[in-house]
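Structure at a glance
What follows is each chain in one-letter form.
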Amino acid sequence: MSRSKKSDACLLVSHGVMTVSTTIQDAYLKAEYVEEIAEIYYRTLSVNQDKEPIVLPEDELQKWQYPSYIKL
């Protein structure tokens, strides 16, 4: 039995990120988030000699927030 996951963002080979939302502004913001995370991941691999970074526990990730000047 396979499980499917629903997402509002994906990476397309040779094309980049694609997002969907109810507004163009929200879709753009989601695309920016994916690009930001991809850059952080790439830089982490670069400085960590291509080793996967340590994954933070879910509860630690829940504590993280964007700065207040970023309007979501």
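Model, not experiment: these values are computed from the prediction.

With the rule as written, the count across this model stands at four salt bridges. When the shortest N-O distance is used, the salt bridge between Lys 30 and Asp 26 registers 3.4 Å. With Lys 30 and Asp 26 both in helix α1 (residues 24-47), this residue pair falls four residues apart, about one helical turn. Ionic pairing is found between Arg 43 and Glu 39, a salt bridge with its closest N-O pair at 2.8 Å. Residue Arg 43 and its partner Glu 39 are located together in helix α1, separated by four residues, close to a single helical turn. For Glu 39, a relative accessible area of 40% corresponds to the partly exposed category.

Moving on, we get to the UniProt feature "domain: Class II aldolase/adducin N-terminal" (unreviewed entry) in the protein chain. Cross-referencing UniProt, the feature "domain: Class II aldolase/adducin N-terminal" (unreviewed entry) maps to residues 6-42 in the present numbering. Secondary structure across residues 6-42 divides into 51% helix and 22% strand, with the first and last C-alpha atoms of the span separated by 24 Å.

The residue Ser 14 is not glycine, and still its phi comes out positive at about 65 degrees. Mapping Ser 14 onto the fold places it in the loop between β1 (9-12) and β2 (16-19). One non-glycine residue, Gln 49, adopts positive backbone phi at about 55 degrees. Relative to the elements of secondary structure, Gln 49 occurs in the loop between α1 and α2 (58-63). Judged by relative accessible area, Gln 49 falls into the exposed class, the value being 65%.

What counts, and at which threshold
- Residues numbered from 1 in each chain as written.
- Predicted model: local features only at pLDDT ≥ 70, side-chain atom pairs only at ≥ 80, totals over all residues.
- Heavy atoms only, no water.
- Salt bridge = Lys/Arg side-chain N within 4 Å of Asp/Glu carboxyl O.
- Helix = DSSP H or I, 4+ residues; strand = E, 2+ residues; numbered from the N terminus.
- Buried < 20%, exposed > 50% of the residue type's maximum accessible area, 1.4 Å probe, protein only.
- UniProt positions renumbered as here; feature names shortened; annotations may be inferred.

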